Amino acid sequence: MLKVGVIGTGMIGQDHIRRLTTVLNGVTVTAVADVDAAVAAEVGGRIGATVHATGEELVADPGVEAVLVCSWGPTHEQYVLAAIAAGKPVFCEKPLATTQGACLRIVEAEVAHGSRLVQVGYMRRFDFAYRQLKHALDSGEIGTPLMMHCAHRNASVPAFYQKEMAITDTAVHEIDMVRWMFGAEIAAVRVLVPRRSSHGGDLQDPLFLIFEMGNGVLVDVETSVNIRYGYDIRGEIVGESGTASLGSLSPVAVRRDGRVANPVPADWRERFLAAYDVELQEWVLAISGGGQPLGPSAWDGYAAAVVSDAGVSALRTGERVLVSLADQPKLYDSGVTV
Ligand code: NAP
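Residues numbered from 1 in each chain as written. Predicted model: local features only at pLDDT ≥ 70, side-chain atom pairs only at ≥ 80, totals over all residues. Heavy atoms only, no water.

## Structural notes on the sheet that holds strand 9 (residues 207-213)
Right, so step 1: Strand order in the open sheet formed by 7 strands is 12-11-7-10-9-8-15, and the pairing between neighbours is mixed. Pairing within the sheet leaves two strands with one partner each, and these edge strands are strand 12 (243-245) and strand 15 (321-322).
Right, so step 2: As defined by bridge partners, strand 7 (residues 145-153) adjoins strand 11 (residues 232-239) across 8 bridges and the pair is classed as antiparallel. Following the sheet pairing, histidine 152 is matched in strand 11 by isoleucine 233.
Right, so step 3: Against the sheet, helix 7 (residues 165-182) touches strand 7, strand 8 (186-192), strand 9, strand 10 (218-224) and strand 11, its axis set at about 150 degrees to strand 7.
Right, so step 4: Contacting strand 8, strand 9 and strand 15, helix 10 (residues 298-317) crosses the sheet at an angle of about 35 degrees to strand 8. (Pairing = 2+ DSSP bridges. Helix = DSSP H or I, 4+ residues; strand = E, 2+ residues; numbered from the N terminus. Contact = heavy atoms within 4.5 Å. Axes fitted to C-alpha atoms, helices over the stretch in contact; angles between N-to-C directions.)

See below:
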């Protein structure tokens, strides 16, 4: 049984604790911590876990073999660095950290440690449909990829959502996904601003992003975060000899009264429920017994941060913005991550 400590017992922290304790195998949650001591005590009490006053104290707990960071983004760096210093594997919800500099400090600390300890929570790589799409691409059946069309549509977003978040919080999932899908870095970003939807109030929504991949593939991403009808994630790869796309929204179609109806997921929790299960189960399997994590690495977290910053700059300036990454350390060479 892998003993995991969870820092941050908010929305996703509690959901991950639920899956670690009731869905997955070979893992137990032995400790929790949150700045809100009352919530931490309530969650910890429910599962019989030790409740720590700080994340650092949790990392130092000898009863914690691996750490899950689910706290607010700006706190990620300090907890991930503490886990690396303690030599403990750490799964960090996205973003790895909120600035490029902080991500790079994590990369450097992991490189100094000498082996991979960090995995970042980009869960699309574990989604059955995306894996099938990558399989279709890698099999060669559609030939060399030329373009990919993506759409990321949310029914609605909270009042605090700002236009930059369409890139930093929403399209960041496509940023990680296309780097993984095509095994190439994003070299340049453009953002086009269409007519504004009246459903978003003052928010500039939708946006139309264009990523130029280092291998020449061109990717477009529509972000529409007030689409109303549900949560709809689309992706179609155009290859030289065919296309491959994510399938229909639901495994069940109802035919009635001259229409075909496919239910649309309400939100990302519903759409990616199983992907989160697979993501954490594979993490547990990989690190149990001292192995290295195989999923999105600290380097992937850093690259996502750099591309996301380039996207924000492209949105603000209207210019095509080049992506400039640091030299990739050898530690991450081996790895097309899962
Ligand atoms: P949330 O409900 O606000 O939870 C964050 C929790 O961390 C809160 O309980 C917060 O306490 C606590 N916290 C804040 N500072 C802390 C500190 N210094 N030490 C320990 N705990 C601290 O947010 P969430 O929606 O769960 O998001 C958490 C993270 O998961 C974010 O980075 C988010 O981007 C990521 N996330 C990823 C996905 C995905 O698709 N992979 C989906 C959702 C969320 P207070 O409430 O008292 O501030």
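Next comes the rest of the description.
## A few points about the nonpolar core
Right, so step 1: In terms of nonpolar packing, the biggest core is built from 100 residues, with Phe182 and Val219 touching the most fellow members.
Right, so step 2: When residues of this core are assigned to domains, at least three fall in each of domain 1 (2-123 + 275-298) and domain 2 (125-272 + 304-322).
Right, so step 3: Here valine 219 is in contact with Met148, Cys150, Val178, Phe182, Leu209, Ile210, Phe211 and Met213, once residues within four sequence places are set aside. (Core = buried A, V, L, I, M, F, W, Y, C linked by side-chain atoms within 4.5 Å. Buried < 20%, exposed > 50% of the residue type's maximum accessible area, 1.4 Å probe, protein only. Domains from an automatic or database assignment.)

## Looking at the pairing of strand 7
Right, so step 1: As defined by bridge partners, strand 7 adjoins strand 10 across 7 bridges and the pair is classed as parallel. Pairing of histidine 152 across the sheet is with threonine 223, part of strand 10.

## A closer look at the pairing of strand 4 (residues 66-69)
Right, so step 1: Burial along strand 4 is two-sided: the face carrying Ala66 and Leu68 and the face carrying Val67 and Val69 are both buried.
Right, so step 2: Following the backbone out of strand 4, through helix 4 (residues 76-85) and into the adjacent parallel strand 5 (residues 90-92), one traces a crossover that is right-handed. (Right-handed = clockwise from strand over helix to strand, strands pointing away.)

## Quick look at the site of the ligand
Right, so step 1: Close to the ligand lie 24 residues, the nearest being Ile12, Asp34, Tyr79, Lys94 and Tyr276.
Right, so step 2: Valine 35 places a main-chain nitrogen or oxygen 3.4 Å from a nitrogen atom of the ligand.
Right, so step 3: At a separation of 3.3 Å, an oxygen atom of the ligand approaches a polar side-chain atom of histidine 76.
Right, so step 4: Relative to its unbound accessible surface of 900 Å², the ligand loses 74% to contact with the protein.
Right, so step 5: Looking at the shell around the ligand, the elements with two or more residues in it are helix 1 (11-22) and helix 4.
Right, so step 6: Tallied by class, the residues present in the shell around the ligand amount to 11 nonpolar, 9 polar and 4 charged. (Near = heavy atom within 4 Å. Polar contact = N/O pair within 3.5 Å; in protein donor to acceptor, adjacent residues only side chain to side chain. Areas by Shrake-Rupley, 256 points an atom, 1.4 Å probe, with all protein chains shown as cover. Nonpolar A, V, L, I, M, F, W, Y, C, P; charged D, E, K, R; others polar.)

## Thoughts on helix 10
Right, so step 1: End to end, helix 10 covers 29 Å across 20 residues, agreeing with the expected 28 Å (1.5 Å per residue, within 8%).
Right, so step 2: For helix 10, a buried count of 16 out of 20 residues is recorded, marking the element as mostly surrounded by other parts of the structure.
Right, so step 3: One side-chain oxygen at the N-terminal end of helix 10 lies 3.2 Å from the backbone nitrogen of tryptophan 299; it belongs to serine 297.
Right, so step 4: Glycine 318 occupies a position one or two residues after helix 10 and carries a positive phi of about 75 degrees. (Expected span 1.5 Å × (residues − 1).)

On their own, these measurements won't tell you what the molecule is for.
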